[in-house]
Amino acid sequence: MSEAGGGRGCGSSVPQRAPWSLVAATAAFCLVSATSVWTAGAAPMSREERQKLGNQVLEMFDHAYGNYMEHAYPADELMPLTCRGRVRGQEPSRGDVDDALGKFSLTLIDSLDTLVVLNKTKEFEDAVRKVLRDVNLDNDVVVSVFETNIRVLGGLLGGHSLAIMLKEKGEYMQWYNDELLQMAKQLGYKLLPAFNTTSGLPYPRINLKFGIRKPEARTGTETDTCTACAGTLILEFAALSRFTGATIFEEYARKALDFLWEKRQRSSNLVGVTINIHTGDWVRKDSGVGAGIDSYYEYLLKAYVLLGDDSFLERFNTHYDAIMRYISQPPLLLDVHIHKPMLNARTWMDALLAFFPGLQVLKGDIRPAIETHEMLYQVIKKHNFLPEAFTTDFRVHWAQHPLRPEFAESTYFLYKATGDPYYLEVGKTLIENLNKYARVPCGFAAMKDVRTGSHEDRMDSFFLAEMFKYLYLLFADKEDIIFDIEDYIFTTEAHLLPLWLSTTNQSISKKNTTSEYTELDDSNFDWTCPNTQILFPNDPLYAQSIREPLKNVVDKSCPRGIIRVEESFRSGAKPPLRARDFMATNPEHLEILKKMGVSLIHLKDGRVQLVQHAIQAASSIDAEDGLRFMQEMIELSSQQQKEQQLPPRAVQIVSHPFFGRVVLTAGPAQFGLDLSKHKETRGFVASSKPYNGCSELTNPEAVMGKIALIQRGQCMFAEKARNIQNAGAIGGIVIDDNEGSSSDTAPLFQMAGDGKDTDDIKIPMLFLFSKEGSIILDAIREYEEVEVLLSDKAKDRAAILKGKMIPSYIINSNPEMENEEQPSSENDSQSAEQITSSSQEVDLVDQGSPEESSLNSQPESLSPADTDNAASVSPSEQISNPMENHETTSLDGECTDLDNQLQEQSETEEDSNPNVSWGKKVQPIDSILADWNEDIEAFEMMEKDEL
């Protein structure tokens with residue numbers, strides 16, 4: 001995101017709707033001038049400490065970039081756990097995530113302008129030469145139009161922007177003759193066929209060699225795309241037009257934006273997540289500021305900054321007013337339905353919304369930016385990283401974290417706007433967490449599960465394109481950067497485009513089409529940069545006063561419940577009945593259900609069925625409360641089902657040269673020592689003989705007092721455990737015999753017993769897929785003695801290595817000493833960007849056994865009913881008060897209710913088991929009833945959806 005602000009200087013002498021030449025020259029000044037306002041609120045950080053942190057960021061970038069170039073280039077991305085490149089088609093498919101990979105050295109192109117920002121001009125020159133020499137854009141591969149635009153086209157344009165800047169300075173790039181720009185133009189023409197739709201919205205994917213629809217293209221049949229996918233093109237395409245004079249690129253991007261604006265929901269001024277590219281119908285009608293929509297809003301504001309077209313600002317302000325009216329529920333940002341914006345569509349938030357406080361800074365709306373940022377920071381302090389999704393009471397919903405940079409981005413912009421040293425401390429925390437938990441010998445590994453600290457063999461290109469750029473700029477002084485960063489705007493991938501493009505090759509019609517669609521209230525729009533005296537009303541503790549009430553929001557409060565109760569008390573009404581509080585034997589609760597149009601039916605099998613008829617509710621508000629109650633009941637039933645599933649475990653390699661930095665995701669066992677209740681098990685590993693562990697071991701002396709490695713197959717898991725336990729093993733790791741299997745792509749595996757009493761098994765047993773198991777086996781081949789830690793989650797390295805003679809940087813996560821002390825043998829260690837989930841599989845017996853059978857854990861099953869809305873729960877779940885069956889204290893200080901007693905799992909995707917039935921609904925004749933039925937279907941769809 002750009003530090004360039006609104007439309008004129010910070011004073012009052014520039015007239016409204018100032019010429020853009022003046023805007024471009026003064027816009028960036030607005031945020032910078034705010035820095036002088038802050039003189040207190042947090043202890044100032046010395047220049048020496050800021051320089052030290054800046055140097056640490058440089059070293060971290062060198063570690064990531066250097067390992068990519070050494071172990072992965074010319075592949076698209078580095079796989080940091082196995083120290084090799086990720087090549088499309090050579091690794092197991094990860095689904096849509098792989099659409100970013102096009103065999104065009106993605107990480108190198110995405111990192112070009114980062115090299116210049118970090119003052120690595122010689123490395124930049126070398127990298128540009130490699131791109132020109134090695135990169136081929138004519139590969140027979142299907143790629144995401146969105147990802148290719150923001151990462152590759154944006155990377156080439158950012159590289160070109162800084163190449164011509166360096167050339168003008170006269171020291172570097174004197175040989176450069178717009179070669180990157182020519183590559184960008186070639187890529188732009190390759191993307192243009194994607195816009196061949198009646199609406200002007202692009203297809204989501206395109207074949208770089210064959211385009212769209214041709215048989216050999218293997219794409220062109222898609223009908224849907226996300227709003228961000230279609231609405232995040234204008235900066236790159238307009239810059240390409242302005243650089244080259246070829247207006248076609250900007251024209252196509254503008255047409256797509258115009259169509260999205262026209263299709264917004266007129267009464268709420270919101271847009272949905274997914275739209276049909278041919279008809280313009282909304283496919284997913286929920287709306288928020290996170291995944292699927294995020295950068296659409298960002299590009300409306302930035303298109304105004306870069307291009308000077310008032311219509312983009314008017315559209316942004318119209319949307320922003322709707323966001324603050326419906327989606328913003330400080331400090332939360334919750335998705336709503338576009339046609340019923342007062343109705344929440346979800347009870348969780350995704351990590352991509354972390355960019356929004358930074359966008360609010362550019363808008364000049366500082367208070368909500370501070371509030372949301374602080375809430376996100378509290379979540380990070382609890383989990384070390386921001387989970388891919390978390391609930392409104394701040395429990396983990398999806399546990400992955402692919403090293404996303406959005407929170408660092410917002411931290412940078414808040415510091416630029418406020419000058420508050422608090423945000424320097426936030427940045428310091430981010431650096432420490434990355435070094436402590438994500439750093440591995442071959443780079444930085446994404447977190448598979450923030451709760452266990454397990455890693456994923458993944459280092460996305462955006463990590464180098466964005467994270468290090470924002471962190472370095474956070475601590476850098478102006479003289480630390482070799483060019484004026486204020487002369488550029490950041491794209492959504494943090495690529496730099498010069499503001500002078502606003503006055504170059506302006507051949508695009510700037511007809512203001514906004515007012516054709518809606519009457520606008522000019523009072524909603526800011527035509528000037530925000531006055532810092534209004535943003536910070538002469539109070540140096542302003543930001544601190546906003547943050548303070550949120551300090552304990554994660555651990556000690558339930559803000560949604562508090563807000564709701566306070567609002568209810570103010571209105572004199574009782575708060576709505578929550579599903580977790582419902583008692584089927586409470587007459588008052590039954591009366592409330594009746595008022596909400598909800599009927600309770602006792603089924604013959606002992607279950608209780610709840611059915612809602614919206615038209616029978618006492619009022620529209622009661623009907624809305626009833627709908628919310630039904631959704632909560634469905635979610636509660638789902639969570640109670642998940643309570644029976646075990647969370648993932650961790651295998652942490654603690655011996656030389658890993659020292660606890662490699663953490664592998666492991667599947668748990670339903671028998672043996674429970675690592676969540678007992679101390680972790682630590683020991684050296686040894687392979688059992690026979691390797692399948694299905695008979696008495698012939699090498700008991702080798703596994704005595706060690707953790708035995710066993711291969712999956714040919715007998716029951718419990719039988720393997722008994723055989724290695726009898727041989728004296730202190731634990732066991734079962735390695736999958738399906739070559740190439742990985743926790744990155746497969747559901748979490750859970751080992752079940754043999755149907756008999758397994759109380760005799762006293763040792764812990766964990767399961768590793770083939771890829772993770774190979775990391776241990778490869779380490780044994782190279783280092784012979786390999787020590788691991790079996791635990792419920794990764795342990796702190798300082799505790800693991802206490803008393804050991806090891807390099808100090810390992811414990812202190814101080815990378816400045818790494819180059820001096822680290823052993824040389826280190827080779828054995830986003831769709832809009834994708835958010836993935838996993839289901840759990842429970843196998844009763846090992847694969848390949850002649851007596852094999854399996855039991856898959858199933859999500860909740862709702863009993864069909866020929867009504868608008870129905871949910872069935874067992875008597876044990878809902879007839880009695882759930883609070884009577886649970887302790888009234890919370891271990892982690894979260895709010896005391898049934899939801900918080902249930903164990904959170906990372907998986908949300910529905911099991912494909914055919915026995916699970918969600919129940920079909922009869923379409924009512926009454927149009928109002930049909931409208932409510934649409935809401936229910938949307939809720940169920942979102943329960944199954946995977947962003």
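Residues numbered from 1 in each chain as written. Predicted model: local features only at pLDDT ≥ 70, side-chain atom pairs only at ≥ 80, totals over all residues. Heavy atoms only, no water.

Student: I'm lost on the overall build of the protein in this one. Help?
Tutor: Across its full length, the protein holds 33 helices and 33 strands. Accessible surface, the protein: about 34600 Å² in total, of which carbon and sulfur atoms supply 48%. (Helix = DSSP H or I, 4+ residues; strand = E, 2+ residues; numbered from the N terminus. Areas by Shrake-Rupley, 256 points an atom, 1.4 Å probe, with all protein chains shown as cover.)

Student: Any chance you could explain the packing of helix α15 (residues 366–383) against helix α16 (residues 406–418) here in plain terms?
Tutor: Running from N to C, α15 and α16 cross one another at 135 degrees; their axes reach a closest spacing of 11 Å. Here α16 runs oblique to α15, going by the angle between their axes. The element α15 and its partner α16 pack so that their crossing is left-handed. On α16, the residues touching Ile366, Ala369, Ile370, His373, Leu376, Tyr377 and Ile380 of α15 are Phe407, Ser410, Thr411, Leu414 and Ala417. Looking at the contact of α15 with α16 residue by residue, the classes come out as nine nonpolar, three polar and no charged. (Axes fitted to C-alpha atoms, helices over the stretch in contact; angles between N-to-C directions. Parallel < 35°, antiparallel > 145°, perpendicular 65-115°, else oblique. Left-handed = near helix turned anticlockwise from the far one by under 90°. Contact = heavy atoms within 4.5 Å. Nonpolar A, V, L, I, M, F, W, Y, C, P; charged D, E, K, R; others polar.)

Student: Hey, could you run me through the nonpolar core in this one?
Tutor: Most often, soluble globular proteins keep nonpolar side chains buried together rather than apart. Core analysis: the largest hydrophobic core is formed by 181 residues, its most contacted members being Leu434, Phe444 and Phe483. Here the element with the most residues in this core is helix α7 (residues 145–169); it accounts for 12 residues. Beyond its immediate sequence surroundings of up to four residues, Phe483 is in contact with Val116, Val117, Leu162, Met165, Lys169, Tyr488 and Leu496. Listed in part, the 25 residues of the second largest apolar core include Val651, Ile735, Ile775 and Val788. (Core = buried A, V, L, I, M, F, W, Y, C linked by side-chain atoms within 4.5 Å. Buried < 20%, exposed > 50% of the residue type's maximum accessible area, 1.4 Å probe, protein only.)

Student: Would you explain the sheet that holds strand β14 (residues 396–398) in this entry?
Tutor: Each strand in a sheet pairs with another by means of backbone hydrogen bonds, the pair being arranged parallel or else antiparallel. Read across the sheet, three strands follow the order β12-β13-β14 without closing on themselves; strand pairing throughout is antiparallel. Looking at which strands have only one partner, the edges of the open sheet turn out to be β12 (348–350) and β14. Here the strands of the sheet are splayed against their neighbours by 30 degrees on average, with no regard to which way each runs. In this structure, β12 lies alongside strand β13 (residues 389–391), joined through three bridges in antiparallel fashion. Bridge pairing in β13 links Asp350 to Ala389. (Pairing = 2+ DSSP bridges.)

Student: Just checking my understanding: could you explain the packing of helix α3 (residues 47–72) against helix α17 (residues 422–438) for this structure?
Tutor: Helix packing for two helices is described by the angle between their axes and how far apart those axes are. Put simply, α3 and α17 touch, their axes get as near as 11 Å, and they point 35 degrees apart. Where α3 crosses over α17, the two elements pack in a sense that is left-handed. Listed contacts from α17 to Glu49, Arg50, Leu53, Gln56, Val57 and Met60 of α3 are Leu424, Lys428, Ile431, Leu434 and Asn435. Here the residues of the contact of α3 with α17 sort into six nonpolar, two polar and three charged.

Student: I would appreciate a short explanation of the UniProt feature "active site" (unreviewed entry) in the protein in the present structure.
Tutor: Here, UniProt's "active site" (unreviewed entry) annotation points to Glu147, Asp294, Glu388 and Glu406. Not counting residues within four places of it along the chain, the set of residues in contact with Asp294 comprises Ala228, Val289, Leu352 and Phe355. (UniProt positions renumbered as here; feature names shortened; annotations may be inferred.)

Student: Help me out: how do you make sense of α15 in this one?
Tutor: Residues lying three or four places apart along an α-helix face the same way, a consequence of the helix completing one turn every 3.6 residues. The terminal C-alpha atoms of α15 lie 26 Å apart, and with 18 residues this matches the ideal 26 Å at 1.5 Å per residue to within 8%. Extensive coverage of α15 is indicated by the burial of 15 of its 18 residues. Within two residues after α15, Asn384 carries a phi angle of roughly 75 degrees, on the positive side. (Expected span 1.5 Å × (residues − 1).)

Student: Even after reading the chapter, I still don't get the confidence of the model for the protein, so can you show me in this structure?
Tutor: Close reading of the predicted structure is inappropriate where its pLDDT is low. For the protein, the mean per-residue pLDDT works out to 78, and 72% of the residues sit at or above 70. Low confidence marks residues 557–572, where pLDDT is under 50. Its contacts with residues over four positions away, or in another chain, come to 22 contacts. (pLDDT = per-residue confidence, 0-100.)

Student: So what exactly am I meant to see when it comes to the packing of aromatic side chains here?
Tutor: What describes a pair of aromatic rings is the distance from one ring centre to the other and the angle between the planes of the rings. Considering all chains together, one arrives at 31 aromatic pairs under this definition. The interplanar angle of 80 degrees and the centroid separation of 6.1 Å between the aromatic rings of Trp175 and Tyr176 together place this pair among those described as edge-to-face. Here the aromatic cluster, defined as three or more aromatic residues joined through ring pairs, consists of Phe61, Tyr65, Phe444, Phe463 and Phe468. The lysine or arginine in question, Lys209, covers the ring of Phe210, its NZ or CZ lying 6.0 Å from the ring centre. (Phe/Tyr/Trp six-rings, centres within 6.5 Å; stacked < 30°, edge-to-face > 60°. Lys NZ or Arg CZ within 6 Å of the ring centre and 35° of its normal.)

Student: What is the right way to read the sheet that holds strand β25 (residues 681–687) from this model?
Tutor: Judged by pairing direction, the sheet is mixed, and its seven strands sit side by side in the order β24-β23-β30-β25-β26-β27-β29 without closing on themselves. Of all the strands in the sheet, the pair left with one neighbour each is β24 (662–666) and β29 (765–768). Across the sheet, the mean angle from the axis of one strand to that of its neighbour is 35 degrees, orientation sign disregarded. Here β25 pairs with strand β26 (residues 707–711) via three bridges, running parallel. Bridge pairing in β26 places Val685 opposite Ile707. Helix α26 (residues 717–726) contacts β26, β27 (731–735) and β29 of the sheet and is inclined by roughly 145 degrees relative to β26. Across the face of the sheet, helix α27 (residues 770–783) comes into contact with β23 (649–653), β24, β25, β26, β27 and β29 while running at roughly 140 degrees to β24.

Student: Hey, could you run me through the state of the cysteines in this one?
Tutor: Chemically, a disulfide is nothing more than a covalent bond linking the sulfur atoms of two cysteines. This model, assessed by the stated rule, comprises three disulfides. A sulfur-sulfur distance of 1.9 Å marks the disulfide that ties Cys83 to Cys442. Taking the sign of the S-S torsion, 100 degrees for the link of Cys83 and Cys442, the bridge is right-handed. Separated by 359 residues along the polypeptide, Cys83 in the loop between β1 (77–79) and β2 (84–86) and Cys442 in the loop between β15 (439–440) and β16 (443–444) bring together distant segments of the chain. (Disulfide = S-S within 2.5 Å.)

Student: So what exactly am I meant to see when it comes to the pattern of salt bridges here?
Tutor: Side-chain pairs of opposite charge can arise whenever the charged atoms involved come near each other. Under the defined criterion, the tally for this structure stands at 47 salt bridges. Across the pair Arg547 and Asp420 runs a salt bridge whose closest N-O atoms are separated by 3.1 Å. Taken together, the residues Arg547 in helix α20 (residues 542–547) and Asp420 in the loop between α16 and α17 connect sequence positions 127 residues apart. For Arg547, a relative accessible area of 2% puts it in the buried group. Two residues, Asp460 and Arg458, come together in a salt bridge whose shortest N-O distance is 2.5 Å. In this pair, the class of Asp460 matches that of Arg458, namely buried. (Salt bridge = Lys/Arg side-chain N within 4 Å of Asp/Glu carboxyl O.)

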